[in-house]
Amino acid sequence: MSSSDQSSDQQVALVQMLFVQHTAALRGFVHALMPDFGRADDIVQETFLTVTKKAGDFEPGTNFLGWVCSIARFKVMEAGRRAQRSTTLSPDIIESLCACEPEPEASDERLRHLSACLQKLAPQARQAVEMRYQQAHKPAEIARRLGWGAESVYVALSRARALLRECVARKLAEEAVQ
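Residues numbered from 1 in each chain as written. Predicted model: local features only at pLDDT ≥ 70, side-chain atom pairs only at ≥ 80, totals over all residues. Heavy atoms only, no water.

Asks: Which residues make up the overall build of the protein chain, and what values do they have?
Replies: If you tally the helices and strands in the protein chain, you get nine helices and zero strands. Of the regular secondary structure in the protein chain, the N- to C-terminal order runs α-α-α-α-α-α-α-α-α. Within the protein chain, the proportion of its 178 residues that are buried is 34%. Considering only contacts within the protein chain whose residues lie at least 6 apart along the sequence, 65% involve residues at least 24 apart. Only carbon and sulfur atoms are counted for the fraction: they give 53% of the accessible area of the protein chain, which is about 10,800 Å². (Helix = DSSP H or I, 4+ residues; strand = E, 2+ residues; numbered from the N terminus. Buried < 20%, exposed > 50% of the residue type's maximum accessible area, 1.4 Å probe, protein only. Contact = heavy atoms within 4.5 Å. Areas by Shrake-Rupley, 256 points an atom, 1.4 Å probe, with all protein chains shown as cover.)

Asks: Outline the packing of aromatic side chains, supporting the account with residue identities and numerical values.
Replies: A complete count under the given rule lists four aromatic pairs for this structure. Relative to W67, the ring of F58 has its centre 5.2 Å away and its plane inclined at 40°; by these criteria the two rings are tilted. W67 carries the same exposure label as F58, and that label is buried. With a centroid separation of 5.8 Å and an interplanar angle of 55°, the aromatic rings of F64 and W67 are classed as tilted. Here F64 and its partner W67 are both found in helix α4 (residues 64–83), three residues apart, which amounts to about one turn of the helix. Across this residue pair, the class does not change: F64 and W67 are buried. (Phe/Tyr/Trp six-rings, centres within 6.5 Å; stacked < 30°, edge-to-face > 60°.)

Asks: Outline the state of the cysteines, supporting the account with residue identities and numerical values.
Replies: Tallied over the full model, the rule gives one disulfide. The disulfide partner of C117 is C167, and the gap between their sulfur atoms is 2.0 Å. Taking the torsion about the S-S bond as the criterion, the C117 to C167 disulfide, at about -80°, is left-handed. Highlighted residues: C117 in helix α6 (residues 104–120) and C167 in helix α9 (residues 150–177), separated in sequence by 50 residues. On the basis of relative accessibility, which here comes to 5%, the residue C167 falls in the buried class. (Disulfide = S-S within 2.5 Å.)

Asks: Explain the environment of M77 to me, and be specific about the residues and the numbers.
Replies: Note that M77 resides in helix α4. Accessibility expressed as a relative area gives 9% for M77, which makes it buried. For the pair M77 and M34, spaced 43 residues apart in sequence, the C-alpha to C-alpha distance is 9.6 Å.

Asks: Pulling in residues and values, what's your account of the packing of helix α2 (residues 23–33) against helix α3 (residues 37–53)?
Replies: Running from N to C, α2 and α3 cross one another at 130°; their axes reach a closest spacing of 9 Å. It follows from the interaxial angle that α2 and α3 lie oblique. Note that α2 runs across α3; the crossing there is right-handed. In contact with L26, R27, V30 and H31 of α2, α3 contributes F37, A40, D41, I43, V44 and T47. (Axes fitted to C-alpha atoms, helices over the stretch in contact; angles between N-to-C directions. Parallel < 35°, antiparallel > 145°, perpendicular 65-115°, else oblique. Left-handed = near helix turned anticlockwise from the far one by under 90°.)

Shape is all these values report; function is a separate question.
Listed below in structure tokens is the structure:
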């Protein structure tokens with residue numbers, strides 16, 4: 001094996017290791033751009049394949065998360081063009097949302113805390129949140145499936161979001177003190 005093959009293999013290994021370290025932040029980024037959780041996970045996997053192919057383009061010491069998120073952004077826009085339906089945001093909105101670089105530590109911590117806080121919700125509230133944000137159901141569909149009124153779904157989601165926001169903020173504050 002030549003030294004250029006070894007350095008190429010090392011670069012691929014480095015990029016793949018960084019990808020694994022930043023997967024939670026990347027997944028959160030993609031989910032923010034694409035409400036269909038299943039499709040968003042496909043985008044994360046496609047991004048991994050592309051990042052692996054383009055490993056030689058990454059310069060160690062630069063912002064890996066920024067680089068990988070820009071690749072993911074193009075994957076989301078590509079998926080939107082292929083689907084030709086409103087499961088993704090418009091390219092202009094995606095560009096606006098991506099104007100600033102993500103903060104990896106904050107994103108990872110928030111997602112970790114969000115997962116723990118979700119478990120603290122009442123079972124029906126958690127089910128409504130999962131149906132809305134993981135399964136991308138509209139409130140009317142959630143109401144139909146749960147046997148609720150549409151207004152009740154809006155109220156439940158609003159309260160759940162407030163509780164989740166407070167819970168995550170409290171956990172971040174507790175961590176900051178420690």
